[in-house]
Amino acid sequence: MSATTTADRPPPALRLPRRRGVELSLLVGAVLASVYGYADVGLAKSGALPPDAAGYGAGLGLLALLAHLAVRLRAPYADPLLLPIAVLLNGLGLVLIYRLDLETPHTPAASAQLMWSTIGVALFGAVVLILRDHRVLARYAYISAASALVLMVVPIFFPAVNGAKIWIRLAGLSFQPGEFAKILFAVFFAAYLAANHNALAYTGRRIWRLQLPTGRVLGPIVAIWLLSVGVLVLERDLGTSLLFFGLFVIMLYVATGRTGWIAVGLLLAAVGAAVVGSLEPHVHSRVQDWLHPFASIDAGQGPGQLAQSLFAFAAGGMLGTGLGAGHSILIGFAAKSDFILATAGEELGLAGLTVIFLLYALLIARGYRAGLALSDSFGRLLSVGLSSILAFQVFVIAGGVMGLIPLTGMAMPFLAQGGSSVVTNWIIVALLIRASDSARTPRPAVDTGTLAPVRTRT
């Protein structure tokens, strides 16, 4: 028996660094930056440090540490940037809400937001610790779709809040089920498209440059479009409608690689928004406010919310007025939620806004990267879908408060006041961390037992 040579041995598995130390260092920086902002607000408003600054820093630091330990234990190869970015954005959101609380002491919101953030981090840890393989979620595709539909329908039977029926209020607590429905829809879309992407891409009739699949496969696509229009009509929520339909179109494009679906999606969304925007009074008023943001000033009634938001961005300039030195509270009741970005724009300036948008861009890009590195279709589509949810929210909300598109009632991820939103965003980050860990975990090399032929020159 001949001895085994070095050439006969399989190559060793590629050992990727875990980078958990890098993640911990970035988490320390994120917590310190948040505590510095919290202290800066107190110094600007009263000339003294907030009395609970140490407690705020300890609480945020403890949440970050617990989340880090969950990742270190169950997802050691996860992307080291996802968790620190989420902690920094969440911490900055708490700072901005606390800053606005000082102007409205009768309606404090920072303590409630911290409580919801704690719940969100707890669910983050539960997802990372319990869900060992993201592919398990594909088994519950239709259960997820049915649950999402129930969550979307229930608010219709409750009174409208600020013109939209997207809230459930019970025993003094408010709950926005649509925030959780978007994750369930992403799971369903990913499972459905992973199972039918060949039929969507290669079967059916060809009309001009677009190849339409068969009716059996195309049916769910039309149903999703009708659902998005139905949400827009019944709940008067333009943002949720655009989010659901846009999410499906993007995932459909990723599954099939056909750009024609983007054109069809944009056309259907434009038709639905135009029809409902002209017939439904609440949506129509949002469109009119977008087209004429200074109409109330011309009428002698003073600036409206959108006008005040534009004034806040203008007052911020390049470097901002400084935390605690702005006047964005003039926006009114939605300053802590829909218009939280206006406070950041006024007090942090264009430089601060650029940093915030870069953080969002990096978070979304790392989510896409995790999806593209996965070998299974469901994981790729789910990661792209979850990252696209964050991207859609940032674009729709930022575009609304800056006057680029009609205003919607969605919440800026991690920044804005909203318990349902912050909890949902933490679950999204947990799923992305699970996907990135699966993508980066080293796989053992497979020995085929044969050597590749060597080509020689004759």
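Residues numbered from 1 in each chain as written. Predicted model: local features only at pLDDT ≥ 70, side-chain atom pairs only at ≥ 80, totals over all residues. Heavy atoms only, no water.

## Let's talk about the nonpolar core
We apply this condition: As used here, the term nonpolar core means buried Ala, Val, Leu, Ile, Met, Phe, Trp, Tyr and Cys residues forming a set that is joined through side-chain atoms within 4.5 Å. Whether a residue is buried, partly exposed or exposed follows from its accessible area with a 1.4 Å probe, protein chains only, as a fraction of its type maximum: under 20%, in between, or over 50%, in that order. Two residues qualify as a contact provided that any one of their heavy atoms is within 4.5 Å of a heavy atom in the partner residue.
The biggest cluster of nonpolar side chains holds 106 residues, and the ones touching the most others in it are L83, F124, M412, L415, W426 and I433. Not counting residues up to four positions away in its chain, the partners in contact with L83 are E23, L27, A67, H68, V71, F124, W426 and I433.

## Observations regarding the packing of helix α3 (residues 82-101) against helix α4 (residues 110-130)
As a reminder, the rule being used: Axes here mean lines fitted to C-alpha atoms, for a helix over just the part in contact, with angles spanning 0 to 180 degrees between N-to-C directions. Here a helix means four or more residues in a row that DSSP labels H or I, a strand means two or more in a row labelled E, and each is numbered from the N terminus. Roughly parallel refers to an angle under 35 degrees, roughly antiparallel to one over 145, roughly perpendicular to one between 65 and 115, and oblique to any angle outside these ranges. Crossing handedness is defined as follows: a turn of the near helix away from the far one that is anticlockwise and smaller than a right angle gives a left-handed crossing, while the clockwise case is right-handed. Charged residues are taken to be Asp, Glu, Lys and Arg, nonpolar residues to be Ala, Val, Leu, Ile, Met, Phe, Trp, Tyr, Cys and Pro, and polar residues to be all remaining types, Gly included.
Running from N to C, α3 and α4 cross one another at 165 degrees; their axes reach a closest spacing of 9 Å. When the axes of α3 and α4 are compared, the pair comes out roughly antiparallel. Judged by the twist between their axes, the crossing of α3 over α4 is right-handed. Contacts between α3 and α4 involve L83, N90, L94, I97, Y98 and D101 from the former and A110, Q113, L114, S117 and F124 from the latter. Class assignment of the residues belonging to the contact of α3 with α4 gives a composition of 7 nonpolar, 3 polar and 1 charged.

## Observations concerning unusual backbone geometry
Residues other than glycine predominantly adopt negative phi, and peptide bonds predominantly adopt the trans conformation. The phi angle at R19 is positive, at roughly 65 degrees, despite the residue not being glycine. The backbone phi angle of F414 is positive, close to 70 degrees, even though this residue is not glycine. Counting through the fold element by element, F414 comes out in the loop between α14 (377-401) and α15 (419-440). Accessibility expressed as a relative area gives 2% for F414, which makes it buried.

## Thoughts on helix α13 (residues 340-373)
This is how the line gets drawn: To estimate the expected span of a helix, count its residues, drop one, and scale the result by 1.5 Å. The angle separating two fitted axes, one through the seven residues that finish at a residue and one through the seven that start at it, defines the bend at that residue.
The end-to-end C-alpha separation of α13 is 34 Å, well short of the 50 Å expected for 34 residues at 1.5 Å each. At G349, α13 shows its maximal kink, close to 120 degrees.

## Comments concerning the environment of L16
By secondary structure assignment, the location of L16 is in the segment before α1 (20-46). Under the relative-accessibility criterion, L16 is labelled partly exposed at 32%. For the pair L16 and R440, spaced 424 residues apart in the sequence, the C-alpha separation amounts to 7.2 Å.

## Let's talk about the pattern of salt bridges
So the rule is basically this: Salt bridges are defined as contacts in which a side-chain nitrogen from Lys or Arg sits within 4 Å of a carboxyl oxygen from Asp or Glu.
Enumeration over the complete set of coordinates arrives at 9 salt bridges. With its nearest N and O atoms 2.7 Å apart, the salt bridge here joins R366 to D79. Of the two residues, R366 is situated in helix α13 and D79 in the loop between α2 (53-74) and α3; the sequence distance between them amounts to 287 residues. D79 matches R366 in its accessibility class, with the two residues each being buried. Linking R99 and E347 is a salt bridge whose minimum nitrogen-to-oxygen distance equals 2.4 Å. Here E347 lies in helix α13 and R99 lies in helix α3, a separation of 248 residues in the sequence. Just as R99 is buried, E347 falls in that class too.

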